[in-house]
Amino acid sequence: MARRSTNPLERLTEPKRPAWLTPLQVVAALSLLLALLYWGRGSTRALAAAKPKAQHCFFLIDRSGSMESLAEAVVDGVNGFVAKQAEMGEGMRLTLAQFHSGQPFELLIEEQEVTKVRPIKRRDFRPEGSTPLYDGIAELLAYADRATRPDEAVVVIVFSDGQENASRKHSRDQVFRLVEEHKERGWTFVFMGANQDSYAAGIGNSKGATMNIAATPAGVRAAFNDMESSNREMRKALKSGRTYTREERENYIQSRSAEAMLTTQQQRKPQSVRGGAS
């Protein structure tokens, strides 16, 4: 066995032995490597989510009893919206839910690619009960949180012909906070209201994403056409690689033929005669 020199100068010239890592050091190095890889994957997902090229559209439709006279128009409106969006090809998933006091959240179409959605039937939409608007919205947002993919832009469209009168679980303030939280995440919210001041009765929307419509079959069909036209513009932007700004989301409704129809209808109403015979 070779004797190790005790002279410091001689020891400096001795060949160095290889420095082996201890098992603990190996584990620590591997853990660091895995953490870096995981962080990198998360960053890639975040970058992909920041520039969505697809869309998920969530429709929530009032099925309370007062909608009976508009039922055929709602079914036609939904089917027309889907058919025209399908003409643009893939890149949009659709979820359609309805609500009334007996069932505040009922899914009719679940996360389907728009090109594969089948038309709904009149028997699928049977108005009854009253209007748990806030419960319906809260349930929809909880579902949408689970259903939305990181690469999707989200549009939530709510249609009702009456004000809230039957929610049991959620208040107006709670729903307004939920909507605002989701807006901060880049979601778009649209409220269509018939027979009411939609801006006052809505869900905290800007006026640019709120529409008053006539509570008539023609008014409902025109409103769905307006939604289709507006959504087409958003999808065109997404396909070109451009994401809507918050200002654009707050002014989502670009076509307002239904509102113009309502204005014309109101102007045609006979004015009341003031005063009486002297």
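Cut-offs used in this document
- Here, residues in each chain are numbered from 1, in the same order as that chain's written sequence.
- In keeping with the predicted nature of the model, local features appear solely for residues at pLDDT of at least 70, side-chain atom pairs appear and are counted solely at 80 or more, and the whole-chain, interface and lining totals rest on all residues.
- Heavy atoms throughout the structure, all of them, feed into the side-chain values; hydrogens and water do not.
- Secondary structure elements follow DSSP: runs of H or I of four or more residues count as helices, runs of E of two or more count as strands, with numbering from the N terminus.
- The cut-offs for exposure are 20% and 50% of the maximum accessible area for each residue type, with area from a 1.4 Å probe on protein chains only; residues under the lower value are buried, those over the upper are exposed, and the others partly exposed.
- In this description, accessible areas are obtained by the Shrake-Rupley approach with a 1.4 Å probe, and a residue is regarded as covered only by the protein chains that are shown.
- Residue contacts are defined here by distance: any two heavy atoms, one from each residue, within 4.5 Å place the two residues in contact.
- All axes here are fitted lines through C-alpha atoms, helices being fitted over the stretch that makes contact, and every angle between N-to-C directions spans 0 to 180 degrees.
- Here the word oblique covers every angle except those under 35 degrees (roughly parallel), over 145 (roughly antiparallel) and from 65 to 115 (roughly perpendicular).
- Left-handed describes a crossing whose near helix is turned anticlockwise from the far helix through less than a right angle; right-handed describes the clockwise counterpart.
- Gly is put with the polar residues, along with every residue not named as nonpolar or charged; the nonpolar set is Ala, Val, Leu, Ile, Met, Phe, Trp, Tyr, Cys and Pro, and the charged set is Asp, Glu, Lys and Arg.
- To pair, rings of Phe, Tyr and Trp, with the six-membered ring standing in for Trp, must have centres within 6.5 Å; the planes then decide the type, stacked if under 30 degrees apart, edge-to-face if over 60, and tilted in the middle.
- We define a salt bridge as a side-chain nitrogen of Lys or Arg found within 4 Å of a carboxyl oxygen belonging to Asp or Glu.

Caption draft 1: Spatial organisation of the overall build of the protein. The secondary structure content of the protein amounts to nine helices and six strands. In the protein, which comprises 278 residues, the proportion classed as buried is 41%. Of the roughly 15900 Å² that the protein leaves accessible, carbon and sulfur atoms contribute 53%.

Caption draft 2: Region of interest: the side chain of Thr131. Its location among the elements puts Thr131 in the loop between β3 (103-113) and α4 (133-147). Dropping the residues within four chain positions of it, Thr131 is found in contact with Asp62, Ser64, Phe99, Ser160, Gly162, Gln163, Glu164, Asn165 and Ala166.

Caption draft 3: A look at the packing of α4 against helix α5 (residues 172-184). Running from N to C, α4 and α5 cross one another at 30°; their axes reach a closest spacing of 9 Å. With respect to α5, the element α4 is oriented roughly parallel. Between α4 and α5 lies a crossing whose hand is left-handed. Two secondary-structure elements touch here, α4 through Tyr134, Ile137, Ala138, Leu141 and Asp145 and α5 through Arg172, Val175, Leu178, Val179 and His182. In the contact of α4 with α5, the residues fall into seven nonpolar, one polar and two charged.

Caption draft 4: The environment of Ala71, seen in detail. Here Ala71 is to be found in helix α3 (residues 71-86). Spatially, the C-alpha atoms of Ala71 and Arg126 are 7.5 Å apart, while their sequence positions differ by 55 residues. Apart from residues no more than four positions distant in its own chain, Ala71 is found in contact with Arg122, Phe125 and Pro127.

Caption draft 5: Quick peek at the packing of aromatic side chains. Summed over the entire model, instances satisfying the criterion amount to four aromatic pairs. Both rings, one in Phe59 and one in Phe81, keep their centres 5.0 Å apart while their planes meet at 85°; by these two values the pair is edge-to-face. Of this pair, Phe59 sits in strand β1 (residues 54-62) while Phe81 is found in helix α3, placing the two residues 22 residues apart along the sequence. Neither Phe59 nor Phe81 differs from the other in exposure class; each is buried. On the basis of an interplanar angle of 80° and a centroid distance of 5.9 Å, the ring pair of Phe159 and Phe224 is categorised as edge-to-face. Of this pair, Phe159 sits in strand β4 (residues 152-160) while Phe224 sits in helix α7 (residues 217-239), and the two are 65 residues apart along the sequence. Of the two residues examined, Phe159 and Phe224, each falls in the buried class. Put simply, the rings of Phe59, Phe81, Phe159 and Phe224 pair up and form one aromatic cluster.

Caption draft 6: Spatial organisation of the pattern of salt bridges. One pass over the structure, following the stated rule, counts 16 salt bridges. For Glu68, the salt bridge is made with Arg122, and the minimal N-O distance between the two is 2.8 Å. Taken together, the residues Glu68 in the loop between β1 and α3 and Arg122 in the loop between β3 and α4 connect sequence positions 54 residues apart. The class of Glu68 is partly exposed, set by a relative accessible area of 42%. Of the charged contacts, one joins Asp76 and Arg221 as a salt bridge, the two residues approaching to 2.8 Å between their closest N and O atoms. Residue Asp76 is found in helix α3, and its partner Arg221 is found in helix α7; the two are separated by 145 residues along the sequence. Residue class for Arg221 comes out partly exposed when judged on its relative accessible area of 33%. The network of salt bridges with common partners includes Glu180, Lys183, Glu184, Arg246 and Glu250.

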